[in-house]
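One-letter residues, chain by chain:
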Amino acid sequence: MADSSKLDPIKWTQDGNYKAINWNQVSDEIDKATWEKLTEQFWLDTRIPISNDLDDWRTLDEDHKWVVGHVFGGLTLLDTLQSQDGMAALRKDIRTPHETAVFNNIQFMESVHSKSYSSIFETLNTPGEIDEIFSWSDSEEFLQNKTKKIYTLYHDDGDPLKKKISSVFLETFLFYSGFFTPLYYLGHNKLTNVAEIIKLILRDESVHGTYIGYKFQLAMKELSENKQQELKDWMFNFLYELYDNEEKYVHVLYDQVGWTDQVLTFTRYNANKALMNLGQNPLFPDTEADVNPIVMNGISTGTANHDFFSQVGNGYRLGKLETMSDKDYNIGEPKDQK
Ligand SMILES: [Fe+2]
Ligand SMILES: [Fe+2]
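These numbers come from a predicted model, not from an experiment.

Reading guide: rules and limits
- Residues numbered from 1 in each chain as written.
- Chains lettered and ligands numbered in written order.
- Predicted model: local features only at pLDDT ≥ 70, side-chain atom pairs only at ≥ 80, totals over all residues.
- Core = buried A, V, L, I, M, F, W, Y, C linked by C-beta atoms within 7 Å.
- Buried ≥ 20, exposed ≤ 12 C-beta atoms within 10 Å, placed from the backbone.
- Helix = DSSP H or I, 4+ residues; strand = E, 2+ residues; numbered from the N terminus.
- Contact = placed C-beta atoms within 7 Å.
- Axes fitted to C-alpha atoms, helices over the stretch in contact; angles between N-to-C directions.
- Parallel < 35°, antiparallel > 145°, perpendicular 65-115°, else oblique.
- Left-handed = near helix turned anticlockwise from the far one by under 90°.
- Nonpolar A, V, L, I, M, F, W, Y, C, P; charged D, E, K, R; others polar.
- Expected span 1.5 Å × (residues − 1).

*Asks:* Break down the nonpolar core for me, citing the residues and quoting the values.
*Replies:* If you look at the biggest cluster of nonpolar residues, it comprises 73 residues, and the most contacted ones within it are Ile 120, Phe 169 and Phe 180. Sorting the residues of this core by element identifies α3 (62-90), α4 (97-124), α6 (141-154), α7 (160-174), α8 (176-187), α9 (192-221), α10 (225-254) and α11 (260-277) as the ones contributing at least two each. Every residue in contact with Phe 180, bar those within four places of it in the chain, is listed here: Val 263, Phe 266 and Val 295.

*Asks:* Quick rundown of the packing of α8 against α9? Include the residues and the values.
*Replies:* Two measures define how a pair of helices packs: the angle their axes make with one another and the distance between the axes. Two elements in contact, α8 and α9, have axes separated by 9 Å at closest approach and are oriented at 130°. For the element pair α8 / α9, the angle class is oblique. When you trace α8 past α9, the crossing you get is left-handed. Packed against α8, whose contacting residues are Phe 179, Pro 182, Leu 183, Tyr 185 and Leu 186, the element α9 presents Thr 192, Val 194, Ala 195, Ile 198 and Leu 202 at the interface. Considering only residue class, the contact of α8 with α9 consists of 9 nonpolar, 1 polar and no charged.

*Asks:* Outline the environment of Asp 93, listing residues and values.
*Replies:* Positionally, Asp 93 belongs in the loop between α3 and α4. Separated by 64 residues in sequence, Asp 93 and Asp 157 place their C-alpha atoms 8.7 Å apart. Sequence-distant contacts of Asp 93, that is, excluding residues within four places in its chain, are made with Pro 160 and Lys 163.

*Asks:* Let's hear about the environment of Leu 191: which residues, and what values?
*Replies:* Position of Leu 191 relative to the elements: it lies in the loop between α8 and α9. By C-beta crowding, Leu 191 is classed as buried, having 27 other C-beta atoms within 10 Å. Taking C-alpha positions, Leu 191 is 6.9 Å from Trp 57, a pair spaced 134 residues apart along the chain. Among all residues touching Leu 191, those that are not within four sequence positions of it are Asp 53, Asp 56, Trp 57, Pro 182 and Tyr 185.

*Asks:* Tell me about the packing of α3 against helix α5 (residues 127-137), and please be specific about residues and values.
*Replies:* Close contact between α3 and α5 brings their axes to 9 Å; oriented N to C, the two are set at 50°. In terms of orientation, α3 and α5 fall into the oblique class. Crossing geometry of α3 relative to α5 is assigned as right-handed. Listed contacts from α5 to Gly 69, His 70, Gly 73, Gly 74, Thr 76 and Leu 77 of α3 are Glu 129, Ile 133, Phe 134, Trp 136 and Ser 137. A per-class count over the contact of α3 with α5 returns 4 nonpolar, 6 polar and 1 charged.

*Asks:* Would you mind going over α8 in detail, with residue names and values included?
*Replies:* Helix length check: α8 (12 residues) gives 15 Å between terminal C-alpha atoms against 16 Å at 1.5 Å per residue, within 8%. Residues Tyr 176, Ser 177, Gly 178, Phe 179, Phe 180, Thr 181, Pro 182, Leu 183, Tyr 184, Tyr 185 and Leu 186 constitute the buried set of α8. Tucked into the core, α8 has its buried residues touching α3, α7, α9, α10, α11 and α12 (293-300). Downstream of α8 by one or two residues, Asn 189 has phi in the positive range, about 60°.

In short, the description is geometric, and any link to function would need to be established separately.
Next comes the structure, spelled out in structure tokens:
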């Protein structure tokens, strides 16, 4: 290479040679722990027997069916954004070579997520309904608003930290207006296979949000106090802007079934969680106690091991569902102390 002084030292040696990723020398143990967690919880939509939910589906009226379909249409768009643009954008700002490998894993799983909603549609909806859902998600004003805001930040290479904030807001906050519906049904013991898929997605997003939030906090600490304050102000403004839009989006989706207020409570509760991933104090007064207990019940139910898995024949089992906590980062401690 002509001018090695301009080369990224994470990828290049001082002599201008390209470096192999060495997993025997890991500078940030969180990269390794996250890789292990993510690969351990690998899953595919094709292994969940969604058709077992058809009897439940047929009991829903047209309004509730509409909500389920369009909620998943919205989630498809957001997971598409993560798989097409989000991880590619974050991968440009790595601190370690192992981070690239983790983002490659995340990017693939985002494709699994966005595809899994299509598996749900294929089972529950007619071809005409599926076309309508996709034309809705490709044009709905408030869904497109949030997607375009985050897309624009992902493509602003001048501000790597704003990309990370955007990603955490998307995954730990904006997904939840959609996750509400399957969790609500799960809490009522309905559409449990659809909910299983959503819980696997939610489990992944929990790791993504924690990991990207952690990388954000490392970079944030390196800024001057003034710059930190500036970024914090921007972050809270951006959250308000997204919340304002989210309120309108939730009205569009949920007014017809009367769930709007409880979805907004759940959304604010998760916005606080997104802020916590980014090392900030919560903004909204809403806590777990304010969220519909049926939905919290849906979240806390363990993933089921379907008979289907024993049919796979190689002992394939889903991992136990567990959302990530700060204690997962206490590397080196025995597991029973977590
Ligand atoms: Fe995702
Ligand atoms: Fe994600």
